[in-house]
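# Architecture at a glance
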Amino acid sequence: MISSNDFRPGVSIELDGSVWRVVEFLHVKPGKGSAFVRTKLKNVQTGNVIERTFRAGETVPQATLEKRTMQHTYKDGEDFVFMDMESYEEARLSPSQMGDRAKYLKEGMEVNIIKWGEQVLEVELPNSVVLEVTQTDPGVKGDTATGGTKPAIVETGAQVMVPLFISVGERIRIDTRTDSYLGRE
């Protein structure tokens, strides 16, 4: 159990049979009446965001999440197959469980898989990945880093906006959180 006074962004709680993550909180002490905590909660499974108010000191069950480091070994049909780095057990995740994170997933990449009981909630990729550009418009002499951008397709099939001077075959670093180009590798 966790007290509403201990809410911080990122804390996971259980409400109505699902896991919610605290996005924002505000401890309010009005001049008259008792204090309360106004929160904005995001459902980890569906992504829905709600606002909820708790009395100060009210306790709610804290979600016990398990974080495992797993390596993406191969893709079997539509499913992504991961191997636990400690027990060497395999786990299969569907494209719906992976979400849009699959566009940066490469074989051999280590990721963190967050589980609640036996249910996979989230797949955490590294903050940045290095991928090779497989398709883009050719660079022309005079293209600068401060100029515009152009779309490029990387080896996993994801599309990223890159500076004009990037050409096919170059390895670039991409921020997986913002889908943005960080630099050459």
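Rules used throughout
- Residues numbered from 1 in each chain as written.
- Predicted model: local features only at pLDDT ≥ 70, side-chain atom pairs only at ≥ 80, totals over all residues.
- Heavy atoms only, no water.
- Domains from an automatic or database assignment.
- Phe/Tyr/Trp six-rings, centres within 6.5 Å; stacked < 30°, edge-to-face > 60°.
- Helix = DSSP H or I, 4+ residues; strand = E, 2+ residues; numbered from the N terminus.
- Pairing = 2+ DSSP bridges.
- Axes fitted to C-alpha atoms, helices over the stretch in contact; angles between N-to-C directions.
- Buried < 20%, exposed > 50% of the residue type's maximum accessible area, 1.4 Å probe, protein only.
- Salt bridge = Lys/Arg side-chain N within 4 Å of Asp/Glu carboxyl O.

What follows deals with the domain arrangement of the protein. One can read the domain layout of the protein as domain 1 (2–60), domain 2 (65–124) and domain 3 (128–184). Taking only C-alpha atoms, the centre of domain 1 and the centre of domain 3 are 40 Å apart.

Throughout the structure, instances matching the rule amount to one aromatic pair. Each ring, one from Phe 7 and one from Phe 54, has its centre 5.3 Å from the other, and the planes form 85°; the classification is edge-to-face. Placement of the pair is Phe 7 in the loop between strand 1 (2–3) and strand 2 (12–15) and Phe 54 in strand 5 (residues 49–55), with a sequence separation of 47 residues.

Strand order in the open sheet formed by five strands is 14-13-12-15-16, and the pairing between neighbours is antiparallel. Taken across any chain shown, the strands that pair with only one partner, and hence form the sheet edges, are strand 14 (159–163) and strand 16 (180–184). Between one strand and the next, the sheet's axes are offset by a mean angle of 55°, whatever the strand orientation.

Only one face of strand 4 (residues 36–43) is buried: it carries Val 37, Thr 39, Leu 41 and Asn 43, and the other face, with Phe 36, Arg 38, Lys 40 and Lys 42, is open. In this structure, strand 4 lies alongside strand 5, joined through seven bridges in antiparallel fashion. Within the sheet, the bridge partner assigned to Lys 40 lies in strand 5 and is Glu 51. Connecting strand 4 to the next strand, strand 5, in antiparallel fashion are five residues, including Gly 47 with a positive phi near 90°.

As a further point, take the pattern of salt bridges. Going through the model one piece at a time under the given rule, you end up with nine salt bridges. With a closest N to O distance of 2.7 Å, Asp 84 and Arg 68 form a salt bridge. Of this pair, Asp 84 sits in strand 8 (residues 79–84) while Arg 68 sits in strand 7 (residues 66–76), and the two are 16 residues apart along the sequence. Judged by its relative accessible area of 7%, Asp 84 is buried. When the shortest N-O distance is used, the salt bridge between Asp 175 and Arg 177 registers 3.2 Å. One continuous salt-bridge network, built from bridges that share partners, spans Glu 66, Arg 68, Asp 84 and Glu 86.

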